[in-house]
Amino acid sequence: MRDFFKGFRMFGQGLGILLRSPKLLLIGALPAVLTTMLLLGGVVALAFWVDDLSALITPFADDWEAGLRTAVRVVAGVAVFAVALAIAMIGFMAITLAIGGPFYEHIAEKVEDDLGGVPGAIDLSGWRLLVMGLRDGLLLVLRSLVFTIPLLIAGFIPVVGQTVVPVLLALVTAWFLALELIAVPFYRRGMDLKQRRLLLRKRRALALGLGVPVSLLCLVPFAALIVMPVGFVGGVLVAREVLAEDVADQAVT
């Protein structure tokens, strides 16, 4: 739990850094604005069609008594919407990172310079950041489906589907969001998705401490415009923590 709360504090520290530099906050919010507009249209469309989707995935209930059929399809609709929101969260981070790659590299550079800099940092072009962000984002979304689809199915289980499953879904979403939030500091060091996943796995509680508040606050309408850049700066702090630990471990061995 100590690592979890440390990750939570790093999210708070990210807010403090941006409040002291409103220009960086504005720069970080611009990509989030564009992505929010894009995904908002998708969420509205899903809300409009969710009844039809619920009926489509529960054909076995067609001949059931009306009350029971409605109850099952309401649960199915809630489960579909919850999983869609989880995927949208992860996709939101991936798309925002891809769109705002140059913006976030600029923020990471400023933050890390204030914290001592990055010796030998790689200078990444906007196009390279775009390609890397889209590639890694797609991989993370596909990987997240391995967990979210079984949770969608588990959402049909009475009681468990309405209590345990949402908690697990929140943790899964937080983990994948954390992997996205720490991406740019790793890119600047020439490290790929596999390397950051392996390093962050050693400090999973730290990652969840950052990812949980970001994922939950992003559920608040338009809060992502502020939460996204704050979470990203928190991700820089988390990345430096796990990278410093890795360097120390290598020195010992």
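In what follows, the structure referred to is the one given above.
> Honestly, the packing of aromatic side chains in this entry has me stumped. Any pointers?
Enumeration over the complete set of coordinates arrives at three aromatic pairs. Taken together, a centroid distance of 5.7 Å and an interplanar angle of 80° make the contact between F4 and F5 edge-to-face. The exposure class of F5 is partly exposed, given its relative accessible area of 44%. Relative to F176, the ring of F147 has its centre 6.0 Å away and its plane inclined at 55°; by these criteria the two rings are tilted. Here the residue F147 occupies a position in helix α5 (residues 126-154), and F176 occupies one in helix α6 (residues 160-181), the gap between them amounting to 29 residues. Residue F147 is classed as partly exposed on the basis of its relative accessible area, which comes to 42%. Owing to a relative accessible area of 2%, F176 belongs among the buried residues under this scheme.

> Help me out: how do you make sense of the nonpolar core in this one?
Nonpolar side chains in soluble globular proteins generally cluster together in the buried interior. I107, F186, L200 and V214 are the most contacted members of the largest nonpolar core, which totals 62 residues. Ranked by the residues each element gives to this core, the list is headed by helix α10 (residues 224-252), at 12 residues. Setting aside residues up to four positions removed in sequence, F186 forms contacts with M191, Q195, R196, L199, A239, V242 and L243.

Parameters and conventions
Residues numbered from 1 in each chain as written. Predicted model: local features only at pLDDT ≥ 70, side-chain atom pairs only at ≥ 80, totals over all residues. Heavy atoms only, no water. Phe/Tyr/Trp six-rings, centres within 6.5 Å; stacked < 30°, edge-to-face > 60°. Buried < 20%, exposed > 50% of the residue type's maximum accessible area, 1.4 Å probe, protein only. Helix = DSSP H or I, 4+ residues; strand = E, 2+ residues; numbered from the N terminus. Core = buried A, V, L, I, M, F, W, Y, C linked by side-chain atoms within 4.5 Å. Contact = heavy atoms within 4.5 Å.

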